[in-house]
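Structure at a glance
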Number of protein chains: 2
Amino acid sequence: MTGLLELNTPAAVVDTARMEHNIERMQTRMEALGVSFRPHVKTTKCLPVVQAQIAAGARGITVSTLKEAEQFFDAGVTDILYAVGMVVTKLPQALALRRRGCDLKIIADSVAAAEAIGAFGRETGEVFEVWIEIDTDGHRSGITPEEEKLLGVARALESAGMKLGGVLTHAGSSYDYDTHEDLMKISEQERNGVVRAAERLRAAGFACPVVSLGSTPTALTVPKLDGVTEVRAGVYVFFDLVMHNVGVCDISDIALSVLTTVIGHQEEKGWVIVDAGWMAMSRDRGTQKQKHDFGFGQVCTLAGQVLDGYVVSSANQEHGIISRVGDADGDIARRFPIGTRLRILPNHACATGAQHPEYHALAASGATKVWPRFYGW
Amino acid sequence: MTGLLELNTPAAVVDTARMEHNIERMQTRMEALGVSFRPHVKTTKCLPVVQAQIAAGARGITVSTLKEAEQFFDAGVTDILYAVGMVVTKLPQALALRRRGCDLKIIADSVAAAEAIGAFGRETGEVFEVWIEIDTDGHRSGITPEEEKLLGVARALESAGMKLGGVLTHAGSSYDYDTHEDLMKISEQERNGVVRAAERLRAAGFACPVVSLGSTPTALTVPKLDGVTEVRAGVYVFFDLVMHNVGVCDISDIALSVLTTVIGHQEEKGWVIVDAGWMAMSRDRGTQKQKHDFGFGQVCTLAGQVLDGYVVSSANQEHGIISRVGDADGDIARRFPIGTRLRILPNHACATGAQHPEYHALAASGATKVWPRFYGW
């Protein structure tokens, strides 16, 4: 059995019991709300995780790259939404997937993009299913619900013979809030906006069967989802310190940690040097502007117990510096001798996971199993 | 021929003429200073780059992980310094490399670590070559030059029959400066400290043949290197916006860029949405606290011409938002229509490179060639 003491460090560890709990919590909630759930697999890019999500009841997946679509299609997932605006240079790759039997949906938020998809579809004899991206919070892409352009995109798709599959939105700005009241407001705004866009399309004679929304904070907050058919979320499967600060998980729900080894000290400064630098943690400092800044991560014992006040306060490529917040710990070298193994909870599970070629899935027995993940485009 | 228009985006592009120029500049400088040069390969983890460094005159390499040591040893590089404090759990991997003929040097900065190396060496009958890490600027690991511990480490190595190969230091705090005067000061401090440590060891009867120092800013600033035998530096091979702000390269020296495609707009906000988000750029915001904040990167045309004032102002996983610093560009959608290809200069070449499975080496002819890189531990 390979346990945490046998792994090379740094290593990304997934607490599978916590992961299963997180999956169960989301799926149960979605079923109670009467919507289907399409997890965003960009967080993990890892087949065993996605298989667990599907086994729990997820219907289809969301991807952020066509490589994700290819990898998960090869593994047997057919219902795939590529949720990044499509451009003409990526259409041949999308076409190849569809020709192989993948039920790939693509998205557009401009007449130009819709026309390009339409032209390519006609040229190649392919009827692409396109969803229109709706902007419900101004944080990134999409068409706001009342814009005239919404109907323009639908018409461009229809006139080229493409299939308008629905509308989708992502209230990414929900990450910026940390009170239930604000999360209620943004989740209702997300729902309201995307439903309104669907209504406008239907009033103009377009079918618009799918109404899709989601982000982890809104999915875990929204009290009802009238008019919505599906929810998407990604990071909920592992959670992280940013989500903890937002207020949608306990610190004990965080399923991803980075296993590290103490390699040195600067005793008079109260520093422990570990072999988890930014290469292992990522450069994500997502908690910097939140109510609790965890540096590059929260330190835990090997068994996963949170060491309150100890964070990775600084990081070089392969060196992390652990210190106590506030007053320096003069006893830190004795507390954590060279060779001590610790686990660090990450700010942002998507970013930290991306630094690692594999996860080590940790069972309740203490045994670990390699779960490969992929990267690149 | 695969040119920049044929690549899938996002993609990491290396301007090989710039890279060769950067290699030449450093090597020429080191030869003039009368020291040998040992590049840090953690920046690129890419064989063709390291081969170019060695062809130009580099002697040996520095690595940040044992995986780098293994990969480059398999490719024929034998003289390798693993410049991260050694712990007992990594010694079997180091031993295996040495047994295969790799001239691997390891480092220590505590009596405990030196004793652990000594015990393992005796047990396995291996004489490890160990360099002692010196702290010359307080930024991370190492023993300060006047500490009693310095001799304790040397004695621990000697009494276990290990080989004390030398001393090394890395003034990583040089990244925090941006005037020639400050860089002169820190580079002299780095030289002075490591030479002093070597003198103390020699006065106590230890040979200490190697005196090694370096960081890109100090290597490119220090006017003379009396008492030093070798210099190490990594990021100089590509440079980046952080180094530009530090003042050791022109923006036109930056050899790494991320090729991206415009996928949408938010016209009234003056935003262009591109397919290079933080997954392609990394989450490194190293210029945030410097004199010129470039957001997540500086925007250039496909041909590499800097578009002054246009930066990646915000980034999600696979979406970057480009905007003009200061007043919004109301004409941005016409300036950069959907499908436009741009190139983004990174804040930190080490972090950006790490997000990509390969570089696309761009020759003066416009042709590109795949240069694989690796990751993980």
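This is a predicted model, so every value here is computed, not measured.

What counts, and at which threshold
Residues numbered from 1 in each chain as written. Chains lettered and ligands numbered in written order. Predicted model: local features only at pLDDT ≥ 70, side-chain atom pairs only at ≥ 80, totals over all residues. Heavy atoms only, no water. Helix = DSSP H or I, 4+ residues; strand = E, 2+ residues; numbered from the N terminus. Contact = heavy atoms within 4.5 Å. Buried < 20%, exposed > 50% of the residue type's maximum accessible area, 1.4 Å probe, protein only. Arc of directions from axis to C-beta. Axes fitted to C-alpha atoms, helices over the stretch in contact; angles between N-to-C directions. Parallel < 35°, antiparallel > 145°, perpendicular 65-115°, else oblique. Left-handed = near helix turned anticlockwise from the far one by under 90°. Nonpolar A, V, L, I, M, F, W, Y, C, P; charged D, E, K, R; others polar. Pairing = 2+ DSSP bridges. Buried area = accessible area lost by both parts, 1.4 Å probe. Salt bridge = Lys/Arg side-chain N within 4 Å of Asp/Glu carboxyl O. Polar contact = N/O pair within 3.5 Å; in protein donor to acceptor, adjacent residues only side chain to side chain. Expected span 1.5 Å × (residues − 1). Domains from an automatic or database assignment. UniProt positions renumbered as here; feature names shortened; annotations may be inferred.

**Things to note about the environment of B:Ala233**
Residues and elements named next belong to chain B. Looking at the element boundaries, alanine 233 is found in the loop between β9 (230–231) and α9 (241–246). Distance from alanine 233 to glutamine 266, taken between C-alpha atoms, is 42 Å for residues 33 residues apart in sequence. Beyond its immediate stretch of four places on either side in the chain, alanine 233 contacts Met26, Phe37, Arg38, Pro39, His40, Ser215, Thr216 and Ala219.

**Some details on the environment of A:Asp176**
All names here are of chain A. By secondary structure assignment, the location of aspartate 176 is in the loop between β7 (163–169) and α7 (180–203). Judged by relative accessible area, which is 63%, aspartate 176 ranks as exposed. Between the C-alpha atom of aspartate 176 and that of valine 228, which follows or precedes it by 52 residues, the distance is 23 Å.

**Overview of helix α2 (residues 47–55) of chain A**
Residues and elements named next belong to chain A. Among the residues of α2, Val49, Val50, Ala52 and Gln53 are the ones counted as buried. Down the axis of α2, the buried set is contained in an arc of 155°. They therefore lie on one face. The inward-facing, buried residues of α2 abut α1 (16–33), β3 (61–63), α3 (66–74) and β17 (368–372).

**Concerning the packing of helix α1 (residues 16–33) of chain B against helix α2 (residues 47–55) of chain B**
The axes of two packed helices give the description: the angle between them and the distance between them. Residue and element names in this part refer to chain B. Two numbers describe how α1 lies on α2: the axes approach to 10 Å, and their chain directions differ by 40°. If you check the angle between α1 and α2, you find them oblique. The two elements α1 and α2 cross, and the hand of that crossing is right-handed. In this structure, α1 uses Met19, Glu20 and Ile23 to contact α2, whose residues at the interface are Val49, Ala52 and Gln53. For the contact of α1 with α2, the residue count by class is four nonpolar, one polar and one charged.

**Some words on the sheet that holds strand β6 (residues 129–134) of chain B**
Hydrogen bonds between backbone atoms are what pair the strands of a sheet, whose relative direction is either parallel or antiparallel. All names here are of chain B. Taken together, the eight strands give an open sheet; going across it, the order is β2-β9-β8-β7-β6-β5-β4-β3, and neighbouring strands pair in parallel fashion. Every other strand in the sheet has two partners, leaving β2 (36–37) and β3 (61–63) as the edge strands with one partner each. Relative to β9, strand β8 (residues 210–213) runs parallel, the two sharing two bridges. Residue pairing in the sheet places leucine 213 in a bridge with valine 231 of β9.

**A closer look at the interface of chain B and chain A**
Every contact between the two is made by 56 residues of chain B and, on the other side, 54 residues of chain A. Taken over both partners, the interface formed by chain B and chain A buries close to 4,800 Å², and the fraction arising from carbon and sulfur atoms is 55%. Three residues stand out in chain B for area buried against chain A, namely B:Arg140, B:Tyr375 and B:Trp377, and they jointly supply 18% of the buried area on that side. On the surface where chain B and chain A come into contact, there are four salt bridges. When the shortest N-O distance is used, the salt bridge between A:Asp275 and B:Lys90 registers 2.6 Å. Our count for the chain B to chain A interface comes out at 20 residue pairs in polar contact (both at pLDDT 80 or more). Split by residue class, the side of chain B that touches chain A holds 21 nonpolar, 22 polar and 13 charged.

**Points about the pattern of salt bridges**
Counting across every chain of the model gives 44 salt bridges over all chains. With a closest N to O distance of 3.0 Å, B:Asp293 and B:Arg285 form a salt bridge. One network of salt bridges, in which partners are shared, links A:Arg38, A:Asp79, A:Asp103, A:Lys105 and A:Glu230.

**So, helix α5 (residues 111–124) of chain A**
Residues and elements named next belong to chain A. The end-to-end C-alpha separation of α5 is 20 Å, in line with the 20 Å expected for 14 residues at 1.5 Å each. For α5, the complete set of buried residues consists of Ala113, Ala114, Ile117, Gly118, Phe120 and Gly121. If you follow the buried residues of α5, they end up packed against α4 (91–99), β5 (103–108), β6 (129–134) and α6 (149–159). At the C-terminal side of α5, glycine 125 shows a positive phi close to 70°.

**Looking at the domain arrangement of chain A**
Residues and elements named next belong to chain A. According to the domain assignment, chain A consists of domain 1 (17–237) and domain 2 (251–372). Using only C-alpha atoms to locate each centre, domain 1 and domain 2 end up separated by 34 Å. Taken together, the contact between domain 1 and domain 2 spans 17 residues of the former and 13 residues of the latter. Here domain 1 meets domain 2 over a buried area of about 1,200 Å², counting both sides, of which 54% is carbon and sulfur. Of all residues in domain 1, Arg18, Thr43 and Asp178 give up the largest surface area on contact with domain 2, accounting jointly for 38% of the area buried on that side. Scanning the region where domain 1 abuts domain 2 turns up zero salt bridges.

**Quick word on the side chain of A:Thr218**
Mapped onto the fold, A:Thr218 is located in helix α8 (residues 216–219). With near-sequence residues (within four places) excluded, A:Thr218 lies in contact with A:Ala171, A:Ser174, A:Ile186, A:Ser187 and A:Glu190.

**Observations concerning the UniProt feature "domain: D-serine dehydratase-like" (unreviewed entry) in chain A**
Mapped onto this structure's residue numbering, the UniProt feature "domain: D-serine dehydratase-like" (unreviewed entry) falls at residues 255–363 of chain A. Structurally, residues 255–363 of chain A is divided into 12% helix and 40% strand, and its ends, taken at the C-alpha atoms, are 12 Å apart.

**Quick look at the pairing of strand β16 (residues 358–362) of chain B**
Residues and elements named next belong to chain B. Buried residues dominate β16, accounting for four of its five residues. Looking at chain direction, strand β1 (residues 11–15) and β16 are connected through four bridges and run parallel. Each residue of the ladder has a partner; that of aspartate 15, found in β16, is leucine 362. By the bridge criterion, five bridges tie β16 to strand β17 (residues 368–372) in an arrangement that is antiparallel. Residue leucine 362 lies in a different strand from β17, and its bridge partner there is threonine 368. Between the antiparallel neighbours β16 and β17 lie five residues, among them glycine 366 with a positive phi of about 95°.

**A short note on the sheet that holds strand β2 (residues 36–37) of chain A**
All names here are of chain A. Across the sheet, eight strands lie side by side as β2-β9-β8-β7-β6-β5-β4-β3; this open sheet has parallel pairing. With one partner strand each, in any of the chains shown, β2 and β3 form the two edges of the open sheet. Here β7 runs beside strand β8 (residues 210–213); their pairing, made up of three bridges, is parallel. Bridge assignment links glycine 166 to a residue of β8, and that residue is valine 210. Docked against the sheet, α5 engages β5 and β6, running at close to 145° with respect to β5.

**Considerations on the pairing of strand β12 (residues 298–301) of chain B**
Residues and elements named next belong to chain B. Covered by surrounding structure in β12 are Gln298 and Cys300 together with Val299 and Thr301, the residues of both alternating faces. Sheet topology places β12 next to strand β13 (residues 306–315); two bridges connect them, and they run antiparallel. Within β13, the residue paired with glutamine 298 across the bridge is valine 311. Where β12 folds back on β13, the antiparallel hairpin that results is connected by four residues, among which glycine 304 adopts a positive phi of roughly 100°. Two elements, β12 and strand β15 (residues 341–345), share four bridges in a ladder whose sense is antiparallel. When the sheet's bridge partners are listed, valine 299 is paired in β15 with isoleucine 344.

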